[in-house]
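So the chains spell out like this:
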Amino acid sequence: MTGNLGAIFTVAPTAVSWVLLYIIVQRLGELVYANSNTKRLIAEGGEEFGADHYQYFIFLHSAWIAIIALLVNPEYPLNPAFLAIFIATQFLRFWTLASIGRWWTTRVISAPHFDRIKRGPYKYISHPNYLVVVLEIAIIPLLLGLPWVALVFSVLNAILLRHRLGVENAVLRERN
C-alpha cells in the first residue's frame, strides 16, 4: 500500500500509525500543559513577547503533522537507527520539560522576577527544547520514509526559529 493519500486512516494500526499517534498525543498534551503554565505565568505578572509570530509555529507544526499523516505509507518499515535517535530525542524532551517545569510554555513569557533555569540540559545549552523540535522535525519524517518533508519543514522551522531565538534571547538577557 504505497502512494494512497491518507492510507494510514484506512488500515489496521501499524508501527507507523503508533508513532504518528504518539506524536499527535504528545503535541496536544504539551499544548494543554503550556497553556496552563502560560495563564499562571501571566497571572503572576509575566508578559508575552513575540506573540506576532506564534500563529506561524502553530500552523507549521500542524501542517507538518497533517502532511505526514496524509502521505505516510502505513506499512513503511521503521529504520532502527532513526527510531533509536527518535527515542533518544524523547528522553531529551522529557528531561527538558522536567528541568524547566512550571516555566515551560510554547510562548515567550517573562518578567524580571521569574527564575532563569540553569539545571538539567539548560546547564549545557540555552534552548534544549528547540534542539528537540529541530531534531524531531527532521527525524520523524526520515523515520517514516518522507525525506522531502524533513527537508522542507526543517528549512521552514529554521526560518521561524531564527526569529523566535532573537526574541527569546533578548528577553532572557533582561533576566541575567
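Novice: What is the right way to look at the overall build of the chain in this model?
Specialist: On a plain count of helices and strands, the chain comes out with five helices and two strands. Starting at the N terminus, the α and β elements of the chain follow one another as α-β-α-α-β-α-α. Relative to the 2.2 N^0.38 estimate, which gives 16 Å for 176 residues, the radius of gyration of the chain is 17 Å and therefore close to what a compact globule would have. In terms of overall dimensions, the chain has a C-alpha envelope of 55 × 30 × 25 Å along the principal axes. In the chain, buried positions account for 45% of the 176 residues. Contacts in the chain between residues at least 24 apart in sequence constitute 85% of all its contacts with a sequence separation of at least 6. Accessible surface computed for the chain: about 9500 Å², of which carbon and sulfur atoms make up 68%.

Novice: Explain the confidence of the model for the chain to me, please; I cannot follow it from the model alone.
Specialist: For residues with low pLDDT, the predicted coordinates do not support detailed interpretation. Here the chain shows a mean pLDDT of 93. Residues at 70 or above account for 98%. Summarising per-element confidence for the chain, the mean pLDDT is lowest in strand β2 (residues 108–110) (93) and highest in helix α4 (residues 128–143) (97).

Novice: I keep staring at the pattern of salt bridges and nothing clicks. Help me out?
Specialist: The full count for this structure, using the stated rule, is seven salt bridges. In this structure, the salt-bridge partner of Glu-136 is Arg-27, at a minimum N-O distance of 2.9 Å. Placement of the pair is Glu-136 in helix α4 and Arg-27 in helix α1 (residues 15–43), with a sequence separation of 109 residues. Exposure class is identical for Glu-136 and Arg-27. Each is buried. Linking Arg-102 and Glu-44 is a salt bridge whose minimum nitrogen-to-oxygen distance equals 2.5 Å. In this pair, Arg-102 sits in the loop between α3 (80–100) and β2 while Glu-44 sits in the loop between α1 and β1 (47–49), placing the two residues 58 residues apart along the sequence. Relative accessible area serves as the criterion here: at 32%, Glu-44 is assigned to the partly exposed category.

Novice: How should I be thinking about the packing of aromatic side chains in this particular structure?
Specialist: Enumeration according to the criterion identifies four aromatic pairs in this entry. The interplanar angle of 85 degrees and the centroid separation of 5.9 Å between the aromatic rings of Tyr-22 and Phe-86 together place this pair among those described as edge-to-face. Placement of Tyr-22 in helix α1 and of Phe-86 in helix α3 is noted, with a sequence separation of 64 residues between them. Judged by relative accessible area, which is 6%, Phe-86 ranks as buried. Aromatic side chains Trp-95 and Tyr-124 sit 6.4 Å apart centroid to centroid with 45 degrees between the ring planes, which places their arrangement in the tilted category. Taken together, the residues span a long stretch of sequence, with Trp-95 in helix α3 and Tyr-124 in the loop between β2 and α4 at a distance of 29 residues. Here Trp-95 falls in the partly exposed class, since its relative accessible area comes to 42%. Positioned above the aromatic ring of Trp-103, the side-chain terminus of Arg-102 is 4.6 Å from the ring centre.

Criteria and cut-off values
- Sequence order as written defines the numbering, with residues in each chain counted from 1.
- Per-residue local features are limited, in this predicted model, to residues with pLDDT of at least 70; the limit for side-chain atom pairs, both in listing and counting, is 80 or more; totals at the level of whole chains, interfaces and linings are taken over all residues.
- Note: side-chain values were computed over all heavy atoms of the structure, leaving out hydrogens and water.
- We count a stretch as a helix when DSSP gives it H or I for four or more residues in a row; a strand needs E for two or more, and each element gets its number in order from the N terminus.
- C-alpha atoms define the radius of gyration in this analysis, and the globule rule sets the expected value at 2.2 Å times the number of residues to the power 0.38.
- For every residue, the accessible area (1.4 Å probe, protein chains only) is compared with the maximum for its type, and the residue is labelled buried under 20%, exposed over 50%, or partly exposed between those bounds.
- Working rule for contacts: check all heavy atoms of both residues, and any pair within 4.5 Å makes them a contact.
- Values of accessible area rely on a 1.4 Å probe in the Shrake-Rupley scheme; residue burial ignores everything except the protein chains shown.
- Summary of the metric used: pLDDT quantifies the predictor's per-residue confidence within the range 0 to 100.
- One side-chain nitrogen of Lys or Arg within 4 Å of one carboxyl oxygen of Asp or Glu is enough to make a salt bridge.
- Only rings of Phe, Tyr and Trp enter the pairing, Trp through its six-membered ring, and a pair is recorded when the two centres are within 6.5 Å. The plane angle decides the type: under 30 degrees is stacked, over 60 is edge-to-face, the rest tilted.
- Our definition puts a charge over a ring when NZ of Lys or CZ of Arg is within 6 Å of the ring centre and also within 35 degrees of the ring normal.

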